[in-house]
Amino acid sequence: VDPDRRRLIVYVIWDRRGDVEDYVSHALGGLREHAAHLLVVVNGELSEAGRAALEPLVDEILVRENRGFDIWGHKDALDHLGSRLNDFDELILTNDTWFGPIRPHGPVFERMDASPADFWGMTDHAREEPNPFTGEGVLFYHLQSFWIAVRRGMFLSPQWQAYWKNLPEMPGYFDAVLQHETVFTEHFAEAGFSHDVAFPSAEYPTDHPALFNPDLLLRDGCPLLKRRPFFH
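Residues numbered from 1 in each chain as written. Predicted model: local features only at pLDDT ≥ 70, side-chain atom pairs only at ≥ 80, totals over all residues. Heavy atoms only, no water.

Caption draft 1: Molecular detail of helix H1 (residues 22-32). All of the buried residues along H1 are Tyr23, Val24, Ser25, Ala27, Leu28, Gly30 and Leu31. Those residues of H1 that are buried are in contact with strand S1 (7-14), strand S2 (37-43), helix H2 (48-54), strand S4 (90-95), strand S5 (98-99) and strand S8 (147-151). (Buried < 20%, exposed > 50% of the residue type's maximum accessible area, 1.4 Å probe, protein only. Helix = DSSP H or I, 4+ residues; strand = E, 2+ residues; numbered from the N terminus. Contact = heavy atoms within 4.5 Å.)

Caption draft 2: Unusual backbone geometry, seen in detail. Residue Pro101 is bonded to the preceding Gly100 through a cis peptide linkage, with omega at 0 degrees. Looking along the chain, the bond that leaves Glu129 and enters Pro130 is cis, with omega of 0 degrees. Residue placement: Pro130 occurs in the loop between strand S6 (119-125) and strand S7 (142-143). With phi around 60 degrees, Phe69 is a residue other than glycine that occupies positive phi space. The residue Phe69 is located in helix H3 (residues 69-81) in this model.

Caption draft 3: Just helix H7 (residues 173-190), in detail. Compared with the 26 Å implied by 1.5 Å per residue over 18 residues, the 25 Å span of H7 between its first and last C-alpha is a close match. Where H7 bends most, at Val183, the angle is about 55 degrees. Within the span of H7, buried status applies to Ala176, Val177, His180, Glu181, Thr182, Phe184, Thr185 and Phe188. Just beyond H7, the residue with positive phi is Gly192, at close to 100 degrees. (Expected span 1.5 Å × (residues − 1). Bend = angle between axes of the 7 residues up to and from the residue.)

Caption draft 4: Representation of the pattern of salt bridges in the model. Taken as a whole, this structure holds 15 salt bridges when the rule is applied. For the salt bridge of Arg5 with Asp113, the shortest nitrogen-to-oxygen distance reads 2.9 Å. Of this pair, Arg5 sits in the segment before S1 while Asp113 sits in helix H4 (residues 106-113), and the two are 108 residues apart along the sequence. Note on Arg5: relative accessible area 16%, which makes it buried. In this structure, Arg84 and Glu60 form a salt bridge, with 2.9 Å as the shortest nitrogen-oxygen distance. Here Glu60 lies in strand S3 (residues 60-64) and Arg84 lies in the loop between H3 and S4, a separation of 24 residues in the sequence. Overall, the relative accessible area of 15% leaves Glu60 in the buried class. When salt bridges that share partners are traced, they join Arg5, Arg7, Glu90, Asp113 and Arg151 into one network. (Salt bridge = Lys/Arg side-chain N within 4 Å of Asp/Glu carboxyl O.)

Right, dumping it as structure tokens:
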């Protein structure tokens, strides 16, 4: 752990059987050394075997009703942590939608620690017009929500409190994309917070390298591989 930066990592899991897959244990093991506190949120059930797999790897487990996807899992985690957030310098909101570490996290953390940004992502998605999800309007440039790191000045701000307090219900996957993932970056940029990205799409041949150029991301040292390319 960077001695100067206390990092809180919140990792959301969903497994229909309530189990914990080996890749999740591997991911948590890789995050462990970079976290002052590692909180796992389990959406839905957690089996006895699942709990036994998690307990040696994490500091805290929060089991909640499976609603609102990983985003409401993150919201519940923030509510659960409450004033304990004051103890940390950086908060990472992530989930079980990636395999890794395939490359070490350390060099990426080191590089991003040097960035003055208020928040940063692992990967991003270029602006698109029209919005491919709705066929109209604009899909704003955004950091992908499977990995958002937020610095203290932002997560202790009134704007942050208001964002999560007013988070809309998300009954479906597209709600999660359209009401959180694709608006979060723009919302906080407009509120005056600066952002950065570890592996910018502008340096790759597609708008969405996490999906279409995972080989190039890994070549460049990206520690993780999205699961989506395997089933998209």
